[in-house]
Amino acid sequence: DAKTTQPTSMDCAEGRAANLPCNHSTISGNEYVYWYRQIHSQGPQYIIHGLKNNETNEMASLIITEDRKSSTLILPHATLRDTAVYYCIVRQYGNKLVFGAGTILRVKS
Amino acid sequence: EPEVTQTPSHQVTQMGQEVILRCVPISNHLYFYWYRQILGQKVEFLVSFYNNEISEKSEIFDDQFSVERPDGSNFTLKIRSTKLEDSAMYFCASSGSALANSEAFFGQGTRLTVV
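The model shown is predicted, which means the values in this text are computed figures rather than measured ones.

*Asks:* Whenever I open this one, the overall build of chain B confuses me. Can you help?
*Replies:* Helix and strand content of chain B: zero helices and eleven strands. Scanning chain B from its N terminus toward the C terminus, one meets helices and strands in the order β-β-β-β-β-β-β-β-β-β-β. In summary, chain B has a C-alpha radius of gyration of 13 Å against a globular reference of 13 Å for 115 residues, a match within 12%. Each of the 115 residues in chain B was classed as buried or not, and the buried ones make up 44%. At a minimum sequence separation of 6, the contacts of chain B that also span at least 24 residues come to 54%. When the accessible surface of chain B is totalled, it reaches about 5,900 Å², and 46% of it is carbon and sulfur. The centroid of the 9 positive side-chain charges in chain B is displaced by 4 Å from the centroid of its 14 negative side-chain charges.

Right under this line is the structure:
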């Protein structure tokens, strides 16, 4: 699976958009970009995934660059409950999810 | 909303004892996974399971570990003889298919403490 690079931590003001970047320069054509988050030691929570088009759901938006070498997860209006570790993962068919260290997002009031 | 459920939420066991961690995946899912997370470390893949067979396993998943789907709803992880270093959160996950665009959903985990 392609490796991803994320910042170690980020801060965001409550009510503002949180933009979490991810680099995946070695991604191959059949690999999807997934985002999960983990609050405290709870189970990882699925957020969103995409192949090449931008995606939006009730939780977030995923913007993937045209060359697919990087992506950004956008939480449009961050709340204190969005404080978590966010994982960007590149996934192939049939493959397990390989978690890195992720980005610690701290939402502050 | 369908969810993956795990029991127990916390298990304390003595070193050398056998433990069984239980999971009920989402009902129409066919692919099942176990992951673990040692305190302060990354979430690590242990094993994937499909059609009553192990599809893939990591180096962590040695002979002390086994998985089973004993009936149509449960998916279990057994550790035969626990060691102190098995203390961790264990997460079960399930997905509808092995396609790369089939998201996996995780349970809330079982905290295993080996004393």
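*Asks:* Teacher, can you tell me more about the side chain of Asp-82 of chain A here?
*Replies:* Residue and element names in this part refer to chain A. With respect to the helices and strands, the residue Asp-82 is situated in the loop between β7 (70-75) and β8 (84-91). Within polar-contact distance, the side chain of Asp-82 engages the side chain of Arg-37 at 2.8 Å. Residues within four places of Asp-82 in sequence aside, it is in contact with Arg-37, Leu-75, His-77, Leu-105 and Val-107.

*Asks:* Could you clarify how one ought to interpret the interface of chain A and chain B in this entry?
*Replies:* One widely used convention gives an interface's size as the accessible area the parts lose upon coming together. Contact with chain A, which involves 21 residues of that partner, is made by 22 residues of chain B. Interface area for chain A against chain B, summed over the two sides, is near 1,900 Å², with a carbon-plus-sulfur share of 55%. Among the residues of chain A in contact with chain B, Arg-91, Lys-96 and Phe-99 of chain A are the three that bury the most area, contributing 27% of the side total. Lys-96 of chain A serves as the salt-bridge partner of Glu-56 of chain B, at 2.6 Å between the closest nitrogen and oxygen. Between chain A and chain B we count eight residue pairs in polar contact (both at pLDDT 80 or more) in total. Among the secondary structure elements, those contributing two or more residues to the side of chain A that touches chain B are β3 (32-38), β4 (45-50) and β8 of chain A. Across the side of chain A that touches chain B, the residue classes tally to ten nonpolar, nine polar and two charged.

*Asks:* Teacher, can you tell me more about the packing of aromatic side chains here?
*Replies:* Think of a pair of aromatic rings as described by two things: how far the centres are apart, and how the planes are tilted against each other in angle. Counted by the stated rule, this structure contains 17 aromatic pairs over all chains. When the centroid spacing of 6.3 Å and the interplanar angle of 15° are considered together, the rings of Tyr-34 of chain A and Tyr-36 of chain A count as stacked. This pair shows no difference in class: Tyr-34 of chain A is buried, exactly as Tyr-36 of chain A is. Three or more aromatic residues link up through ring pairs in this structure, and these residues are Tyr-34, Tyr-36, Tyr-46, Tyr-87 and Phe-99 of chain A together with Tyr-33, Tyr-35, Phe-45, Phe-105 and Phe-106 of chain B. For Arg-91 of chain A, the ring lying beneath its charged end belongs to Tyr-34 of chain A, and the centroid distance is 5.3 Å. Here Lys-96 of chain A stacks its cationic end above the ring of Phe-45 of chain B, 5.7 Å away from the centre of that ring.

*Asks:* I keep staring at the pattern of salt bridges and nothing clicks. Help me out?
*Replies:* Once their charged atoms are close, side chains differing in charge can pair, the charge on each being opposite to the other. In this structure the tally under the stated criterion is five salt bridges over all chains. The structure contains a network of salt bridges with shared partners spanning Asp-11, Arg-106 and Lys-108 of chain A.

*Asks:* Sorry, what's going on with the sheet that holds strand β6 (residues 61-64) of chain A here?
*Replies:* Sheet strands associate in pairs through backbone hydrogen bonding, adopting either a parallel or an antiparallel arrangement. Residues and elements named next belong to chain A. Judged by pairing direction, the sheet is antiparallel, and its four strands sit side by side in the order β2-β7-β6-β5 without closing on themselves. Two strands in the sheet have a free side with no partner beyond their single neighbour: β2 (18-23) and β5 (55-56). Relative to β7, β2 runs antiparallel, the two sharing six bridges. In the sheet register, Asn-19 faces β7, and the bridge partner there is Ile-74.

*Asks:* How should the nonpolar core be read in this particular structure?
*Replies:* The nonpolar side chains of a soluble globular protein tend to be buried with one another. Residues and elements named next belong to chain A. If you look at the biggest cluster of nonpolar residues, it comprises 22 residues, and the most contacted ones within it are Trp-35, Leu-73, Tyr-86 and Leu-105. Those elements that place two or more of their residues in this core are β2, β3, β4, β6, β7, β8 and β9 (103-108). Among the elements that take part in this core, β8 stands out by supplying four residues, more than any other. Those residues within four positions of Leu-105 in sequence are excluded, and the remaining contacts are Met-10, Cys-12, Ala-18, Leu-20, Leu-75, Asp-82, Thr-83, Ala-84 and Tyr-86.

*Asks:* Help me out: how do you make sense of the state of the cysteines in this one?
*Replies:* By definition, a disulfide links two cysteine residues through a covalent bond between their sulfur atoms. Tallying each qualifying case throughout the model produces two disulfides over all chains. One disulfide bridge connects Cys-22 of chain A with Cys-88 of chain A, the sulfur atoms lying 2.1 Å from each other. An S-S torsion of about -80° defines the bridge between Cys-22 of chain A and Cys-88 of chain A as left-handed. Separated by 66 residues along the polypeptide, Cys-22 of chain A in strand β2 and Cys-88 of chain A in strand β8 bring together distant segments of the chain. On the accessibility criterion, Cys-22 of chain A (2% relative accessible area) is buried. Residue classification places Cys-88 of chain A among the buried positions, given a relative accessible area of 1%. The disulfide that involves Cys-23 of chain B links it to Cys-92 of chain B, with 2.0 Å between the sulfurs. On the S-S bond that ties Cys-23 of chain B to Cys-92 of chain B, the torsion sits near -65°, and the link is left-handed. Here Cys-23 of chain B is found in strand β3 (residues 19-24), whereas its partner Cys-92 of chain B is found in strand β9 (residues 88-95), with 69 residues between them in sequence. For the pair Cys-23 of chain B and Cys-92 of chain B, a shared accessibility class is recorded, and that class is buried. Cys-12 of chain A takes part in no disulfide bond, and the closest cysteine sulfur, belonging to Cys-22 of chain A, lies 18 Å away.

Basis of the calculations
Residues numbered from 1 in each chain as written. Chains lettered and ligands numbered in written order. Predicted model: local features only at pLDDT ≥ 70, side-chain atom pairs only at ≥ 80, totals over all residues. Heavy atoms only, no water. Helix = DSSP H or I, 4+ residues; strand = E, 2+ residues; numbered from the N terminus. Rg over C-alpha atoms; globule rule 2.2 N^0.38 Å. Buried < 20%, exposed > 50% of the residue type's maximum accessible area, 1.4 Å probe, protein only. Contact = heavy atoms within 4.5 Å. Areas by Shrake-Rupley, 256 points an atom, 1.4 Å probe, with all protein chains shown as cover. Lys, Arg positive; Asp, Glu negative; His and termini not counted. Charge placed at Lys NZ, Arg CZ, Asp CG, Glu CD. Polar contact = N/O pair within 3.5 Å; in protein donor to acceptor, adjacent residues only side chain to side chain. Buried area = accessible area lost by both parts, 1.4 Å probe. Salt bridge = Lys/Arg side-chain N within 4 Å of Asp/Glu carboxyl O. Nonpolar A, V, L, I, M, F, W, Y, C, P; charged D, E, K, R; others polar. Phe/Tyr/Trp six-rings, centres within 6.5 Å; stacked < 30°, edge-to-face > 60°. Lys NZ or Arg CZ within 6 Å of the ring centre and 35° of its normal. Pairing = 2+ DSSP bridges. Core = buried A, V, L, I, M, F, W, Y, C linked by side-chain atoms within 4.5 Å. Disulfide = S-S within 2.5 Å.

Purely geometric numbers; function is a separate question.
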